[in-house]
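Analysis of the macromolecular model
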2 protein chains.
Amino acid sequence: MMPISGNTALMCILADPIGQVRTPQMVNALLQARGTDAVMVPMHVAPADLPDVMQALRRTRNLKGMVITVPHKMSVVPLCDEIEGDAAAVGAVNVVRREPDGRLVGGMLDGTGFLRGLEALGVPVRGASVYLAGAGGAAHAIAFSLAQAGIGRLTIANRSRARIDALARRLTERYPALPVSAGSADPAGHDIVVNATSLGMAPGDPLPLDAAGLSAGQVVADIIMQPAETALLAQARARGCRLYGGAGMLEGQVADMVAFISGRATSQAGEA
Amino acid sequence: MMPISGNTALMCILADPIGQVRTPQMVNALLQARGTDAVMVPMHVAPADLPDVMQALRRTRNLKGMVITVPHKMSVVPLCDEIEGDAAAVGAVNVVRREPDGRLVGGMLDGTGFLRGLEALGVPVRGASVYLAGAGGAAHAIAFSLAQAGIGRLTIANRSRARIDALARRLTERYPALPVSAGSADPAGHDIVVNATSLGMAPGDPLPLDAAGLSAGQVVADIIMQPAETALLAQARARGCRLYGGAGMLEGQVADMVAFISGRATSQAGEA
């Protein structure tokens, strides 16, 4: 890495827990390759402390922006002054730009990143049936991008029926033609199975779905970064599924994260 | 530098302006040499924003501590929960440790660092007459350390007579035998001349004292980091004085900064 000086622009990632994040490594490698005098550092912030920390970061004049991850993606929305692009409809933010006057502008790149990773694997998305475990910030973003990309139907599974319904309502407002239903733990009968919960990050976590419903021919995606092969992906491997790990969604958006924080336009997956 | 990961411990330096600081370079080089997984980054924070930023940093769980520099060294004192060592008597703090429970413990290492740099140059301190321009946080720390090291007399010059008197009162409480007087802009007749103001940092700054009073045989010290040779030092060089630049005070305390933030005991200049 380049030496950090008093002129180095600051970026950070807010998360709780923090150890598993891989964004600083990938963003710093990109900044380094481009010769940009900026650095991204991890900040471990608990949910109750997020509002105060965001206010302080707003006032940190050499801060360019931040990446927001679990569990802050939805709670950070009302702490932004402005929301760009899909983030408002999605109701979640994973990247925030600090304007020179201190205004905080939020965006959501998880959906584009997830979709770009699927495209890189050559997975057909248009018309596909998708099983989505989770209804948090990342699940919202992924659902909206899949809907935009023309999937055929979506099943959402989550412990909280209220959160399933909230996500389904948001989706149906924007994509009224997309069939959305609440699912059980069984992912059988879907082309693409996605874990968008944080289950699998901690050792001993239960599986986010019933692995007995997985079979060859399915693509199984997990947004967990660490471990790289979660228990879900290990089960999917044993059953002959195609695997898509958490690094794919991150790799699919790292350049966009840097562009967003730097105030440049980001591209959409599927665009030229 | 080592790659920054989610497990990297965070340190920062708070300053306004920020570009001139050299502490991140020196601290990161030390951390790197020791194989410590930690990084120091600059944070540009205006005086009015310091209280909120300190509260937020208190809640940043992977933050180990921070270095405090101009203009925050005195105003940060009431924002700490505890003050260690000389910092309370000095009334200024330049390093803060964040305990695991979020408590902020302040310390002051400028005086020790300044004195250690003088010792490294072989400058006799005991019995010396010292002219000190400035009455801010760094000036307080330097004055206390010089008094502790047994200088013969101290002259303080500052635009604000009230600040001279405040520093003189603090010093006399602790070192009643030391003659302390308020000085003019003329540093003639002193063995050691110290600029502890921020004058010289910005192009076009006036000199902190009347350079016509400088002469060969004097040691002229400047705490400004950038430029390395300030206008004052250039004048002192032209007059044949011995020079002591801002890097000396920093080099004299970098290891102590890391030790303080890491919760280890620091040594005093002049101790074994």
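Residue indices begin from 1 for each chain and proceed along its sequence in written order. Chain letters and ligand numbers both follow the written order, the letters beginning at A and the numbers at 1. Restriction of local features to residues with pLDDT of at least 70 applies here, the model being predicted, together with a cutoff of 80 or more for giving and counting side-chain atom pairs; totals for whole chains, interfaces and linings are based on all residues. Each side-chain value is worked out from all heavy atoms of the structure, with water and hydrogens disregarded.

Residues and elements named next belong to chain A. Sheet architecture is open: six strands sit in the order β2-β1-β3-β5-β6-β4, paired in mixed fashion. The open sheet has two edge strands, β2 (38–44) and β4 (82–83), and neither has a second partner. Relative to strand β6 (residues 104–107), strand β5 (residues 95–98) is paired through four bridges, and the arrangement is antiparallel. Each residue of the ladder has a partner; that of V95, found in β6, is G107. Any two strands are treated as partners once DSSP identifies two or more bridges connecting them. Per the convention used, a helix needs a DSSP run of H or I reaching at least four residues, while a strand needs a run of E reaching at least two, with both numbered from the N terminus.

This part covers the sheet that holds strand β6 (residues 104–107) of chain B. Residue and element names in this part refer to chain B. Across the sheet, six strands lie side by side as β2-β1-β3-β5-β6-β4; this open sheet has mixed pairing. What marks the edges here is a single partner per strand, and that holds for β2 (38–44) and β4 (82–83). Bridge analysis of strand β1 (residues 9–15) against strand β3 (residues 63–68) gives five bridges, and the strand direction is parallel. Bridging from a neighbouring strand, I13 pairs with V67 of β3.

With that settled, consider the environment of Y244(B). Residues and elements named next belong to chain B. By the secondary structure assignment, Y244 is in strand β12 (residues 242–244). On the accessibility criterion, Y244 (4% relative accessible area) is buried. For the pair Y244 and F114, spaced 130 residues apart in the sequence, the C-alpha separation amounts to 9.6 Å. Whether two residues are in contact is decided by their heavy atoms: any pair within 4.5 Å suffices. In this structure Y244 touches G113, F114, G117, L118, L121, V220, A221, D222, L233 and M249, once residues within four positions along its chain are discounted. Polar contact is defined as a pair of N or O atoms within 3.5 Å, subject to the rule that within protein one atom must be able to donate a hydrogen and the other to accept it, and that residues adjacent in sequence are counted only when both atoms are side-chain atoms. Among the polar contacts listed, one links the side chain of Y244 to the backbone oxygen of F114, at a separation of 2.8 Å. Only protein chains enter the accessibility calculation, which uses a 1.4 Å probe; a residue is then buried when its area is under 20% of its type maximum, exposed when over 50%, and partly exposed in between.

Superposing the copies works by least squares over the C-alpha atoms of residues that have pLDDT at least 70 in both of them. Superposing chain B onto chain A requires a rotation of 180° together with a translation of 0.0 Å along the rotation axis, leaving an RMSD of 0.0 Å. Expressed as a symmetry operation, the mapping of one chain copy onto the other fits a two-fold axis. In this assembly, 100% of the residues forming the interface of chain B have copies in chain A that are likewise at the interface, indicating an isologous arrangement.

Below, the discussion takes up the interface of chain B and chain A. If you look at the interface, chain B gives 30 residues, while chain A gives 32 residues. Note on chain B versus chain A: buried area summed over both sides is about 2,700 Å², and carbon and sulfur give 59% of it. By convention in these notes, a salt bridge is any Lys or Arg side-chain nitrogen within 4 Å of a carboxyl oxygen on Asp or Glu. Scanning the region where chain B abuts chain A turns up four salt bridges. Across the pair R59(B) and D49(A) runs a salt bridge whose closest N-O atoms are separated by 3.9 Å. At the junction of chain B with chain A, the criterion picks out eight residue pairs in polar contact (both at pLDDT 80 or more). Put simply, the parts of the chain that give the side of chain B that touches chain A at least two residues each are α1 (23–34), β2 and α2 (50–58) of chain B. Counting residues per element, the side of chain B that touches chain A draws most heavily on β2(B), which supplies six residues. Just so you know the grouping, Ala, Val, Leu, Ile, Met, Phe, Trp, Tyr, Cys and Pro go in nonpolar, Asp, Glu, Lys and Arg go in charged, and all remaining residues, Gly too, go in polar. Here the side of chain B that touches chain A is built from residues that sort into 16 nonpolar, ten polar and four charged. Once two parts are joined, some of their accessible surface, as seen by a 1.4 Å probe, is lost; buried area is that loss totalled over both.

So, on to unusual backbone geometry. Each neighbour pair has its own omega, and for D16(A) with P17(A) the value is 0°, a cis peptide bond. Examined against the element boundaries, P17(A) turns out to sit in the loop between β1 (9–15) and α1 (23–34).

Attention now goes to the nonpolar core. The nonpolar core is taken to be a set of buried Ala, Val, Leu, Ile, Met, Phe, Trp, Tyr and Cys residues, with the residues joined through side-chain atoms within 4.5 Å. Among the nonpolar cores identified, the biggest contains 120 residues, and L14(A), M54(A), M66(A), L14(B), M54(B) and M66(B) are the most heavily contacted of them. Excluding residues that lie within four positions of it along the chain, L14(B) makes contacts with M43(B), V45(B), L50(B), M54(B), L57(B), M66(B), V67(B), I68(B), T69(B) and H72(B).

With that settled, consider the pairing of β3(B). Residue and element names in this part refer to chain B. Of all the six residues making up β3, five are buried; the element is thus mostly covered by neighbouring parts of the structure. Pairing of β3 with strand β5 (residues 95–98) involves three bridges; the strand directions are antiparallel. Residue pairing in the sheet places G65 in a bridge with R97 of β5.

Turning to the packing of aromatic side chains, a few remarks are in order. Residue and element names in this part refer to chain A. Only Phe, Tyr and Trp rings take part, Trp by its six-membered ring, and two of them pair if their centres are within 6.5 Å. Stacked means planes under 30 degrees apart, edge-to-face means over 60, and tilted covers everything else. On inspection of all chains with the given rule, the structure shows four aromatic pairs over all chains. With a centroid separation of 5.1 Å and 50° between ring planes, the pair formed by F114 and Y244 is classed as tilted. With F114 in helix α4 (residues 110–121) and Y244 in strand β12 (residues 242–244), this residue pair connects regions lying 130 residues apart in the sequence. Relative accessible area serves as the criterion here: at 2%, F114 is assigned to the buried category. A ring is considered to have a charge above it if a Lys NZ or an Arg CZ atom is located within 6 Å of its centre and within 35 degrees of its normal. It is R97 that lies over the ring of F260; its NZ or CZ is 4.7 Å from the centre.

Residues and elements named next belong to chain B. Following both chains from N to C, one finds α1 and helix α9 (residues 254–261) inclined at 70°, their axes separated by 10 Å at the closest point. Regarding the angle of α1 to α9, the classification is roughly perpendicular. Residue-level inspection shows T23, M26, V27, L30, L31 and R34 of α1 in contact with α9, the latter providing V254, A255, M257 and V258. Across the contact of α1 with α9, the residue classes break down as eight nonpolar, one polar and one charged. Convention adopted: a line fitted to C-alpha atoms gives each axis, helices being fitted over their contacting stretch, and angles between N-to-C directions are expressed from 0 to 180 degrees. Note on terminology: angles under 35 degrees are roughly parallel, angles over 145 are roughly antiparallel, angles of 65 to 115 are roughly perpendicular, and the others are oblique.

Time to look at the pairing of β1(A). Residue and element names in this part refer to chain A. Summarising burial for β1: seven of the seven residues are buried, a large majority. What you see with β1 is no split at all: A9, M11, I13 and A15 on one side and L10, C12 and L14 on the other are buried throughout. Examined bridge by bridge, β1 and β2 share seven bridges and lie parallel to one another. Within the sheet, the bridge partner assigned to C12 lies in β2 and is V41. When the strands point away from the viewer and the path from the first strand over the helix to the second turns clockwise, the crossover is right-handed. For the handedness criterion, the β-α-β arrangement of β1, α1 and β2 is classed as right-handed.

UniProt positions are given in the numbering used here, feature names are shortened, and annotations may be inferred rather than shown by experiment. Mapped onto the present numbering, the UniProt feature "domain: Shikimate dehydrogenase substrate binding N-terminal" (unreviewed entry) falls on residues 13–96 of chain A. What you have in residues 13–96 of chain A is 30% helix and 24% strand, and the ends, taken at the C-alpha atoms, are 10 Å apart.

Below, the discussion takes up the packing of α4(A) against helix α5 (residues 137–148) of chain A. Residue and element names in this part refer to chain A. In the contact formed by α4 and α5, the axes pass within 7 Å of each other and the chain directions differ by 60°. The orientation of α4 relative to α5 falls into the category oblique. Two packed elements cross with a definite hand, and for α4 against α5 that hand is right-handed. Of the residues in α5, those in contact with D110, G111, T112, F114, L115 and L118 of α4 are A138, A141, I142, S145 and L146. Of the residues contributing to the contact of α4 with α5, the split by class is seven nonpolar, three polar and one charged. In a left-handed crossing the near helix is turned counterclockwise from the far helix by less than a right angle, and in a right-handed crossing that turn is clockwise.

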